[in-house]
Amino acid sequence: MEVPKKLVNSVSGCADDALAGLVACNPGLQLLQGHRVALRADLVAIRGRVALLSGGGSGHEPAHAGYIGKGMLTGVVAGAVFTSPAVGSILAAIRAVTQAGAAGTLLIVKNYTGDRLNFGLALERARAEGADVRMVVVGDDSAFTTLKKAGRRGLCGTVLIHKVAGALAEAGASLDEIVEKVAAAAKGLGTLGLSLSPCSVPGSKPTFQLAGDEMELGLGIHGEAGVRRMKMLTADEAVEMMLAHMTDPSNASHLPLSPGASVVLVVNNLGGLSCLELGIVAGAAVRGLERRGISIARALVGSFMTALEMAGVSLTLMLVEEELVRLIDAKTTAMAWPNLATAPATSHRQELAAPKEGAGTEQHEAGSGPGAARVQRVLELVCSTLLGLQDRLNELDRQAGDGDCGHTHARAARAIQEWVRAQPPPAAPAQLLSALADLLLEKMGGSSGVLYGLFLTAAARPLLRSTDLPAWADAMDAGIEAMQRYGGAAPGDRTMLDSLYAAAQALHPLRSPGANLLPVLSDAVQSAEAAAEATKHMEAGAGRASYISSARLLQPDPGAVAVAAVLKAVLEGLRS
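Cut-offs used in this document
Sequence positions are assigned chain by chain, starting from 1 and proceeding in written order. Note on the predicted model: pLDDT of at least 70 is required for a residue's local features to be given, and 80 or more for side-chain atom pairs to be given and counted; whole-chain, interface and lining totals, by contrast, use all residues. For side-chain calculations, the full set of non-hydrogen atoms in the structure is used, while hydrogens and water are omitted. A helix here means a DSSP run of H or I that spans at least four residues, while a strand means a run of E at least two residues long, and both kinds are numbered starting from the N terminus. Just to be clear, the radius of gyration here is over C-alpha atoms, and the globule rule we use is 2.2 Å times residues to the power 0.38. Partly exposed describes any residue whose relative accessible area lies between the buried limit of under 20% and the exposed limit of over 50%, with all areas from a 1.4 Å probe on protein chains only and scaled to the type maximum. It only takes one pair of heavy atoms within 4.5 Å for two residues to be counted as in contact. Working definition of a nonpolar core: buried Ala, Val, Leu, Ile, Met, Phe, Trp, Tyr and Cys residues. They are joined through side-chain atoms within 4.5 Å. Multiplying 1.5 Å by the helix residue count minus one yields the expected span of that helix. Directions drawn from the helix axis to the C-beta atoms are what define this arc. Each Phe, Tyr or Trp ring (for Trp, its six-membered ring) is paired with any other whose centre lies within 6.5 Å, and the angle between the two planes then decides the class: stacked below 30 degrees, edge-to-face above 60, tilted in between. Working rule: Lys NZ or Arg CZ, within 6 Å of ring centre, within 35 degrees of ring normal, means a charge sits over the ring. Per residue, pLDDT captures the predictor's confidence, and it can take any value from 0 to 100. The definition of a polar contact used here is a pair of N or O atoms within 3.5 Å, where within protein one atom must be able to donate a hydrogen and the other to accept one, and adjacent residues in sequence count solely through side-chain atom pairs. We treat two strands as partners when DSSP finds at least two bridges between them. Working convention: axes come from line fits to C-alpha atoms, limited for helices to the stretch in contact. Angles between N-to-C directions cover 0 to 180 degrees. Think of a salt bridge as a Lys or Arg side-chain nitrogen and an Asp or Glu carboxyl oxygen that are within 4 Å of each other. Should an angle lie under 35 degrees it is considered roughly parallel, over 145 roughly antiparallel, and from 65 to 115 roughly perpendicular; all remaining angles are considered oblique. By definition, any crossing whose near helix is turned counterclockwise from its far helix by less than a right angle is left-handed, and any crossing with a clockwise turn is right-handed. By the convention adopted, Pro, Cys, Tyr, Trp, Phe, Met, Ile, Leu, Val and Ala count as nonpolar, Lys, Arg, Asp and Glu as charged, and the other residues, Gly among them, as polar.

**Here's the deal with the overall build of the protein chain**
At step 1: For the protein chain, the count of helices and strands is 17 helices and twelve strands.
At step 2: Here the C-alpha atoms of the protein chain give a radius of gyration of 32 Å, more than 25% beyond the 25 Å that 2.2 N^0.38 yields for 576 residues.
At step 3: Considered along the principal axes of its C-alpha atoms, the protein chain spans approximately 105 × 55 × 45 Å.
At step 4: By the burial criterion, 50% of the 576 residues in the protein chain qualify as buried.
At step 5: Across the protein chain, every contact between residues at least 6 apart in sequence was considered, and the portion connecting residues at least 24 apart equals 72%.

Structure follows, in structure tokens:
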């Protein structure tokens, strides 16, 4: 097992560098000289108000320094990665806010032994100096079914406590009042994590191992063991399992939720989950709570308390009433607190009806008779050809793209098949091409779908006036011109346009009197196939392949290959 790569300057200095970088980019922060402590730059503003200090090991960014600001924390004491901060630095922070005129100091501490010990010792030493200091320990972990002697671990729910305490302090509440209300809010907190991967402290191997098909429930934010390891579930299944575990009355650390209760929901990225996955989890969490009759007064979705690069998510629920919601909504300048909508979350948002087609929009009428049957045969052959090419196109695309060209064309083929089964396609050429353009724009996806949509939309225009052979040559040229205008590619750029352009040139004899379609189309197919094969010797000038060294592009362009195959299928369909 190798030590994972980290983009740091040094292992020993990474926590200092991270905090210095945050302060450098935020004029509202300042460092405390000689200590790994960040404070509000406007300490004069806390005179006569309670100061709020928090902190812990680094590696949980944006916690905790991201929550410094008016309406949240006054300062933060950071330890090395996953290591409690030094007692001397905590004491120095307390002295700094006390000397700035704070009306008492509250330490907000996550429930970990090192944090409790170090913050507790600093508190005792500060009191011995005459400072008015109190401490609230937050334990919101809902993982363990039997209570541990050490209590529930402090997790992402701590961020909500920062916010509640910060709003109270900004409003001028006394230290006693803040402690009382924060302690009460903390009792209504529950958090549960789920991981798909481990994390690793800079310079060290991963904290644990998970197989490629496994996930772990209930682990801590330092990679501590969870309560259950299981095979991968879907997002909906995973979230339902998490909510069920968090609210199960037989679980000693559960959060008691009854229908009609109101909560603040936090969907927290543990560090390495994509935003796409996080959105899926958030939607599943909202639906899962709604099924339980729970009202979601506010929802926060993002990275709030991470575990380095761990790919995972935690769900936090805080039981709230009107006063707590007002405190959550109160303004803050803390950079990591989201621009939160002051409205409930719900999966039942009203949807805007799609605009109706304009009066000038063409209607695609189903065709009938021999022409419609011929069109259907051609389309069926095109679709079977693309489905048969799926694996080859994907393989070609892996050299220069994301390896999905075959999937994209297969998706188009299946969409056309379903469309043809549902109703006969239009026999009129302009209507047929317009209908295919609409279908591919909706169903195909990717840049290929747009390019085909552009080509077919533009190609349909000349066929509105006439459907004779010269009009088909005009249609081909019109489609290519539109692709060049909006797509930016030109012949020779190693794209699908190379095959189309070669075929278009070969179709120009259709403009001659007495032209015969099938021989000309046969020449066009041969030209397209030759052009597709020639792309293997071209330097890419457009598309994703243009970012790849030409020395690595040893196969023909998959888009050009697909176009040549489609044209050949059209020829074979017309011959049959």
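So that's the structure; there's more coming.
**Regarding the nonpolar core**
At step 1: Counting residues in hydrophobic clusters, the biggest one holds 63 residues, and the most contacted among them are L106, I178 and W337.
At step 2: In terms of residues, this core owes the most to one element, helix α4 (residues 157–170), which gives eight residues.
At step 3: Beyond its immediate chain neighbours, meaning those up to four positions away, L106 contacts V50, A51, L52, L53, R134, M135, V136, L175, I178 and V179.

**Points about helix α5 (residues 175–187)**
At step 1: When the terminal C-alpha atoms of α5 are compared, their 19 Å separation across 13 residues agrees well with the 18 Å that a helix rising 1.5 Å per residue should span.
At step 2: Turning to α5, its buried residues are L175, I178, V179, V182, A185 and A186. Mapping the buried residues of α5 onto a view down its axis gives an arc of 135 degrees, with all of them on the same face. Among the exposed residues of α5, those oriented more than 90 degrees off its buried face are D176, E180 and K187.

**Quick word on the packing of aromatic side chains**
At step 1: Scanning the entire structure with this criterion turns up zero aromatic pairs.
At step 2: Above the ring of W337, the side-chain terminus of K163 is found at 5.6 Å from the ring centroid.

**Details of unusual backbone geometry**
Both trends apply: most residues other than glycine have a negative phi, and most peptide bonds are in trans.
At step 1: Residues E61 and P62 are joined by a peptide bond in cis, for which omega reads 15 degrees.
At step 2: With respect to the element layout, P62 can be found in the loop between β3 (51–58) and β4 (75–81).
At step 3: In the segment running from A63 into H64, the intervening peptide bond is cis, with an omega of 5 degrees.
At step 4: Looking at the secondary structure, you find H64 in the loop between β3 and β4.
At step 5: Positive phi, normally seen in glycine, also occurs at F82, with a value near 60 degrees.

**What to know about the confidence of the model for the protein chain**
At step 1: For the protein chain, mean pLDDT is 93; residues scoring 70 or higher make up 95% of the total.
At step 2: Residue range residues 544–551 is modelled with pLDDT below 50. Its contacts to residues more than four positions away, or to other chains, number 13 contacts.

**Overview of the side chain of N111**
At step 1: Its place among the elements puts N111 in the loop between β5 (105–110) and α3 (113–128).
At step 2: Overall, the relative accessible area of 11% leaves N111 in the buried class.
At step 3: A distance of 2.6 Å separates a polar atom in the side chain of N111 from a polar atom in the side chain of R116.
At step 4: Excluding anything up to four places from it in sequence, N111 contacts R116, V137, V138, G139, A150, G151, R152, R153 and G154.

**Looking at the sheet that holds strand β10 (residues 262–269)**
At step 1: With mixed pairing, the six strands of this open sheet are ordered in space as β9-β8-β7-β12-β10-β11. The open sheet has two free edges, formed respectively by β9 (228–231) and β11 (295–302), since each of these has just one partner strand. Each strand of the sheet is rotated relative to its neighbour by a mean of 20 degrees, with strand direction disregarded.
At step 2: The sheet contact formed by strand β7 (residues 189–195) and strand β12 (residues 312–319) spans seven bridges and is antiparallel. Paired with G193 across the bridge in β12 is S314.
At step 3: Together, β10, β11 and β12 form the strand contacts of helix α8 (residues 322–329), whose direction differs from that of β11 by roughly 25 degrees.

**Details of the pairing of β3**
At step 1: When you tally the buried positions in β3, you get eight out of eight residues, the bulk of the element.
At step 2: Note: β3 against β5, four bridges, orientation parallel. Counterpart to A51 in the pairing with β5 is T105.
At step 3: Direction of pairing for β3 relative to β4: parallel, over a ladder of five bridges.

**Concerning the pattern of salt bridges**
At step 1: Evaluation of the coordinates by the stated rule reveals 25 salt bridges.
At step 2: One salt bridge in this structure joins E214 and R229, with 4.0 Å as the shortest N-O distance. Of this pair, E214 sits in strand β8 (residues 214–217) while R229 sits in strand β9; the two residues are 15 residues apart in sequence, bridging distant segments of the chain.
At step 3: Residues participating in the shared-partner salt-bridge network are E177, K181 and E323.

**Topic: the packing of helix α11 (residues 405–422) against helix α12 (residues 429–443)**
At step 1: Direction vectors running N to C along α11 and α12 enclose 125 degrees, while the axes themselves pass 10 Å from each other. Taken as axis vectors, α11 and α12 run oblique relative to one another. For the element pair α11 and α12, the recorded crossing hand is right-handed. Between α11 and α12, the residues in contact are R411, A412, A415, I416 and W419 and L432, A435, L436, L439, L440 and K443, respectively.
At step 2: Tallied by class, the residues present in the contact of α11 with α12 amount to nine nonpolar, no polar and two charged.

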